[in-house]
Amino acid sequence: MPRAKGIVGLLLAVLVLATACSTRKPRVTPDIPRPEASADESTSAAGSGTTVVHAEPAIGAAGTPELGVSASDLPTDLQELNRAGYLKDVFFDTNKADLRDDARDILAANTAWLKQHPNVRVQLEGHCDERNTEEYNLALGWRRVFAVKDYLVSLGVDAARLGVISYGEERPFATGHDESAWSQNRRVHIVITGR
Amino acid sequence: MRHLGTFSVALVLVASTATAQEEIYLKVTSPGLQRIVIGLAPFASRLGVDPVAASQFLNTLRADLDQTVVMGLLPEENARLVEAAPGNPGLTRQRWRAVGAQLLLEGSFSGAGNQLVVEAQLWELTSGEIAYSRRFQSSTSLAPTMAHTLANELVRLLTGKPGPFLSRIAFISDRSGAKELWLMRWDGSDPQQLTTHRSIALSPAWSPDGQRLAFTSFLRGQPQLFILRPTQGSFKPLSTLPGVNTSASFSPDGSQVAFAAGDGGSTYIWVVSSEGGTPVQLTTTRGISTQPAWSPNGRQIVFTSTVGGSPQLYAIDAEGTNLRRLTFQDTFADEASWAPDGVRLAYTTQVDGRFQIATLDLRTNQRTVIDGPGNNESPCWSPDGTMLAFVSTRTGRKQIFITDPVGRPRQITSEGNNTQPSWVALVQ
Amino acid sequence: MAFRTADDFENLAEINITPLVDVMMVLLIIFIVTAPMLVQGLQVDLPRATAAALPQKGPEPVVLTLTRDRLILLGDEPVHLKLLSGKLAPLLAGGPRPVYLKGDQQLPYGFVIDVLSTLNRLGVEEIGMVTVPPTGS
């Protein structure tokens, strides 16, 4: 795997150098998928004495844009769109699937944004901390997802726009084994899947 | 009374070197641990026998014989004291008995090329009679399997039930980078990766005949239930209900599978034919119902439900009637596993904030917590009901351990995180 | 075999005993009248000697049989010399008991000493050497 990454990095570097020679101006090749340009590759390529040029971050990717941007203003790339953080995740108490007050506030804001962008479809991902058994957590994540889905629907979001999945404890956001990690992992993560 | 002579002598006292050896021996035979001590005589080997296969056979056999509850291998230091008496096998056997062996396994290797022939006799040393005699023949590559087969038969001779030596444990491991389905021998040897989906695999469950393995996979996005035939390498979906399709449990005749799946925000117990078809909803209580475990007589299903608030074990008849609660002393009870006797359950409980394995005797309602370091969960009985496999964090990451009825735990995995053991007598 | 005089014997005994005596053992030679002995199918030819009859009172003796093949049997059970004290200790824990040796007459002297040494270490104070009456006596 690291070997494969190294080769990809090297190819990227060679490609970029070749481009630079012909045009004298480093250019980003849009064909290269973003996840390929990771720190691993730059170090392995740098070790072989080659310069690697990374894709620049998309403009507007960092920071949360104000509400009211039209659909056409949204980034076309779904990954970038999700990284922009238009929709906020909601968090849960230990072993609970009930919505807390802060979760209701977040979901109200999410509802407003979803209403302004009626073409956006989302997936609600249920997550749990690592305590309890794997199967129980799958079921608990499922309950959390539906707590969020039912609330969004009650606020007027079309249920057809809301996909659901429970990951239980299988995809933790924080990998620690204490409350600070656990509290991060008890959440429903909202992912934009279509625009 | 008249003595021929009375005189006194002094004997030079020498430092004893035998003490440590005696202690080990006495421990093995001390009351409470009535293991039958078996000696393994050196096997004669004919010319032409593959020495690698022969030593594989002996190493496997030695390891097996020392890992049962009913038998204990004679300690090596005792075995070393035995001097063979050339031309006098009877005397040699008595010498084995003199160092503590109650049974003696004698044997020989023959065969050439890629064939290995093992002839084995088990001697009952008190009576001096042959208790078992058998000839095995196979290809040299199957030497370990031959040894496991012999060890199984020796256990069956002593207990009436075959030993665990050909049994295997399916489990989930992330050692390859993603949670995949794996298979290993009961002692952790010979691990094999069964899936390479690079997704999330969960909840393996064997059909009792060892032909099929049900499991959950996120392979297609949503978690779905699949059935795999490990010897054929083929698998097909069994349930694609919405939400969690997890924690499968085969009926004892293998015809049906109980599992947990969602509907709305709740998770219910469902039953589906193991050949596929439309699942039937067995429970209707809202909330979380999960982890069904089909009883060995097929009449009831134990599962976890939050209907009373915290997760507890409940039983329901396989027809979906007669719902009743089983656990009352736990703040948390999940992952029930039926012992083959149909009387005891092992499950995961919570004590002082840590997960622990407990057993529940359904005749007496006697609950026993097996207290261990770290978090301990996912218990699974061995097919003969003499051992438990479980997952523990006592050595750091999640690892699979097995423990015998005396309570001695043994770690059988070490690479990555290893979880959710499912134990079967024989993979077919 | 060389004939050893009584004087030689006493001299040897004195040299070895004097500085080392801390445990006194009483060795008895006793005899039993039986048919040729068979234990576990193993024949034991006891030495023939004129001796006292088996004592009938006192604590029950522990019987060790030593076969010609240097197998030690405690009762019916063979025990290796190195495991003997571990096996005997519990039997002797309740108080002093005599130990009777039924040793085959062809046993090497050194082996008998090994057994006696073990008994000595266990604090056995009374040892009976079992014989059968001489033929024709």
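Definitions and cut-offs
- Here, residues in each chain are numbered from 1, in the same order as that chain's written sequence.
- To label them, take the chains in the order written and letter them from A, then take the ligands in the order written and number them from 1.
- Side-chain atom pairs in this predicted model are given and counted only at pLDDT of 80 or more, local residue features only at pLDDT of at least 70, and totals for whole chains, interfaces and linings cover all residues.
- Calculated side-chain values reflect all of the structure's heavy atoms, with hydrogen atoms and water omitted.
- Here a helix means four or more residues in a row that DSSP labels H or I, a strand means two or more in a row labelled E, and each is numbered from the N terminus.
- The rule is simple: take the accessible area with a 1.4 Å probe, protein chains only, and divide by the maximum for that residue type; under 20% is buried, over 50% is exposed, in between is partly exposed.
- The contact rule is simple, with two residues in contact once any of their heavy atoms fall within 4.5 Å.
- Methods summary: accessible areas were calculated by the Shrake-Rupley approach with a probe of 1.4 Å, and residue burial reflects only the protein chains presented.
- If DSSP finds at least two bridges between two strands, the strands pair.
- Fitting a line to C-alpha atoms yields each axis, with helices limited to the stretch in contact; the angle taken between N-to-C directions then spans 0 to 180 degrees.
- A side-chain nitrogen of Lys or Arg and a carboxyl oxygen of Asp or Glu constitute a salt bridge if their distance falls within 4 Å.
- Buried residues of nine kinds, namely Ala, Val, Leu, Ile, Met, Phe, Trp, Tyr and Cys, make up a nonpolar core once their side-chain atoms join them within 4.5 Å.
- For each domain, the first and last residues come from an automatic or database assignment.
- A 1.4 Å probe defines the accessible area here, and the buried area is the portion of it lost by two parts on being joined, summed over both.
- Each crossing gets its hand from how the near helix is turned against the far one by less than a right angle, where anticlockwise is left-handed and clockwise is right-handed.
- In this count, Pro and Cys sit with the nonpolar residues alongside Ala, Val, Leu, Ile, Met, Phe, Trp and Tyr, while Asp, Glu, Lys and Arg are called charged and the others, Gly among them, polar.
- Each aromatic pair joins two rings of Phe, Tyr and Trp (for Trp, the six-membered one) with centres within 6.5 Å, and gets the label stacked for planes under 30 degrees apart, edge-to-face for over 60, and tilted for any other angle.
- Between 65 and 115 degrees an angle is taken as roughly perpendicular, under 35 as roughly parallel, over 145 as roughly antiparallel, and anywhere else as oblique.

Q: Requested: an account of the overall build of chain C, with residues and values cited.
A: Assigned secondary structure in chain C consists of three helices and nine strands. Each helix and strand of chain C, ordered N terminal to C terminal, gives the series α-β-β-β-β-β-β-β-α-β-α-β. Out of the 137 residues in chain C, the part that is buried amounts to 39%. Across chain C, every contact between residues at least 6 apart in sequence was considered, and the portion connecting residues at least 24 apart equals 73%. Approximately 7,800 Å² of chain C is accessible, and the part contributed by carbon and sulfur atoms is 57%.

Q: Lay out the sheet that holds strand E15 (residues 256–263) of chain B with the relevant residues and their values.
A: Pairing between sheet strands relies on hydrogen bonds along the backbone, with the strands arranged either parallel or antiparallel. Pairing within the open sheet is antiparallel, and its four strands lie in the order E14-E15-E16-E17 (chain B). Taken across any chain shown, the strands that pair with only one partner, and hence form the sheet edges, are strand E14 (246–250) and strand E17 (280–281) of chain B. Sheet topology note: the strand E16 (residues 266–273) of chain B/E17 of chain B ladder contains two bridges and is antiparallel. Among the inter-strand pairings, Trp270 of chain B is bridged to a residue of E17 of chain B, identified as Gln281 of chain B. In the packing of helix H5 (residues 134–154) of chain A onto the sheet, the strands contacted are E14, E15 and E16 of chain B, and the crossing angle to E16 of chain B comes to about 120°.

Q: I'd like a rundown of the pattern of salt bridges, residues and numbers included.
A: In this structure the tally under the stated criterion is 23 salt bridges over all chains. Among the salt bridges present, the one from Lys236 of chain B reaches Glu275 of chain B, with a minimum N-O distance of 4.0 Å. On the criterion of sequence distance, the pair formed by Lys236 of chain B in strand E13 (residues 234–239) and Glu275 of chain B in the loop between E16 and E17 is long-range, its members being 39 residues apart. Judged by its relative accessible area of 52%, Glu275 of chain B falls in the exposed class. Overlapping salt bridges bring together Asp129, Arg131, Glu179 and Arg186 of chain A as one network.

Q: Lay out the side chain of Thr306 of chain B with the relevant residues and their values.
A: Note that Thr306 of chain B resides in the loop between strand E19 (300–305) and strand E20 (312–317). Excluding its chain neighbours within four sequence positions, the residues that come into contact with Thr306 of chain B are Tyr136 of chain A together with Gly287, Ile288 and Pro311 of chain B.

Q: Describe the nonpolar core, with residues and values.
A: Residues and elements named next belong to chain B. Residues Phe57, Leu61 and Leu105 are the most contacted members of the largest nonpolar core, which totals 42 residues. No other element matches the seven residues that helix H5 (residues 143–159) contributes to this core. When residues are assigned to domains, this core turns out to be shared by domain 1 (30–159) and domain 2 (168–424), each giving three or more.

Q: Tell me what's going on with the environment of Arg397 of chain B, and back it up with residues and numbers.
A: Residue and element names in this part refer to chain B. Mapped onto the fold, Arg397 is located in the loop between strand E27 (388–392) and strand E28 (399–403). The partly exposed category is assigned to Arg397, whose relative accessible area is 49%. Put simply, Arg397 and Asn417 are 20 residues apart on the chain and 5.8 Å apart in space, counted from C-alpha to C-alpha. With sequence-adjacent residues up to four places away left out, Arg397 is seen in contact with Ser392, Gly416 and Asn417.

Q: Explain the interface of chain A and chain B residue by residue, including any values.
A: Counting residues at the interface gives 19 residues for chain A, matched by 34 residues for chain B. Together chain A and chain B conceal approximately 2,100 Å² of surface at their shared face, both sides included; 60% is due to carbon and sulfur atoms. On the chain A side of the interface with chain B, the three residues burying the most area are Glu135, Tyr136 and Trp142 of chain A, jointly 31% of the side's total. Put simply, chain A and chain B have two salt bridges between them. When residues of the side of chain A that touches chain B are traced back to their parent elements, those giving at least two are H5 and strand E3 (162–168) of chain A. In terms of residues, the side of chain A that touches chain B owes the most to one element, H5 of chain A, which gives nine residues.

Q: Describe the packing of helix H2 (residues 51–65) of chain B against H5 of chain B, with residues and values.
A: All names here are of chain B. Where H2 meets H5, the closest approach of the two axes is 8 Å, and the angle between their N-to-C directions is 35°. Once H2 is placed against H5, the crossing between them reads as right-handed. For the pair H2 and H5, contact is made by Ala53, Gln56, Phe57, Thr60, Leu61, Asp64 and Leu65 and by Ala143, Pro144, Met146, Ala147, His148, Leu150, Ala151 and Leu154, respectively. Partitioning the contact of H2 with H5 into residue classes produces eleven nonpolar, three polar and one charged.

Q: Report on unusual backbone geometry, specifying residues and quantitative values.
A: Residue and element names in this part refer to chain B. Despite not being glycine, Ser203 shows a phi value in the positive range, around 50°. By the secondary structure assignment, Ser203 is in strand E10 (residues 201–206). Phi at Glu335 takes a positive value of approximately 60°, unusual for a residue other than glycine. With respect to the helices, strands and loops of the structure, Glu335 is situated in strand E22 (residues 333–338). On the basis of relative accessibility, which here comes to 5%, the residue Glu335 falls in the buried class.

Q: I'd love a proper account of the packing of aromatic side chains, names of residues and values included.
A: Under the counting rule described, the total for this entry stands at 14 aromatic pairs over all chains. Where Tyr136 of chain A meets Phe332 of chain B, the ring centres are 6.2 Å apart and the plane angle is 75°; that geometry is what we call edge-to-face. Here the residue Tyr136 of chain A occupies a position in helix H5, and Phe332 of chain B occupies one in the loop between strand E21 (324–325) and E22, the pair thus bridging two chains. There is no split in this pair, since Tyr136 of chain A and Phe332 of chain B are both buried. Seen from their ring centres, Tyr167 of chain A and Phe218 of chain B are 5.3 Å apart, and the 15° between their planes marks the pair as stacked. With Tyr167 of chain A in strand E3 and Phe218 of chain B in strand E11 (residues 213–220), the pair connects residues from two separate chains. Per residue, the accessibility class of Tyr167 of chain A equals that of Phe218 of chain B, and both read buried. Through a chain of ring-to-ring contacts, three or more aromatic side chains come together here, namely Tyr136 of chain A together with Phe332 and Phe355 of chain B.

Q: Which residues make up the packing of helix H4 (residues 101–116) of chain A against H5 of chain A, and what values go with them?
A: Residues and elements named next belong to chain A. Between H4 and H5, the least distance of the axes is 10 Å, while the angle of their chain directions is 55°. Considering the angle they form, H4 stands oblique to H5. The interaxial crossing formed by H4 with H5 has right-handed handedness. Contact residues: H4 offers Arg104, Leu107 and Thr111, while H5 offers Val148, Tyr151 and Leu152.

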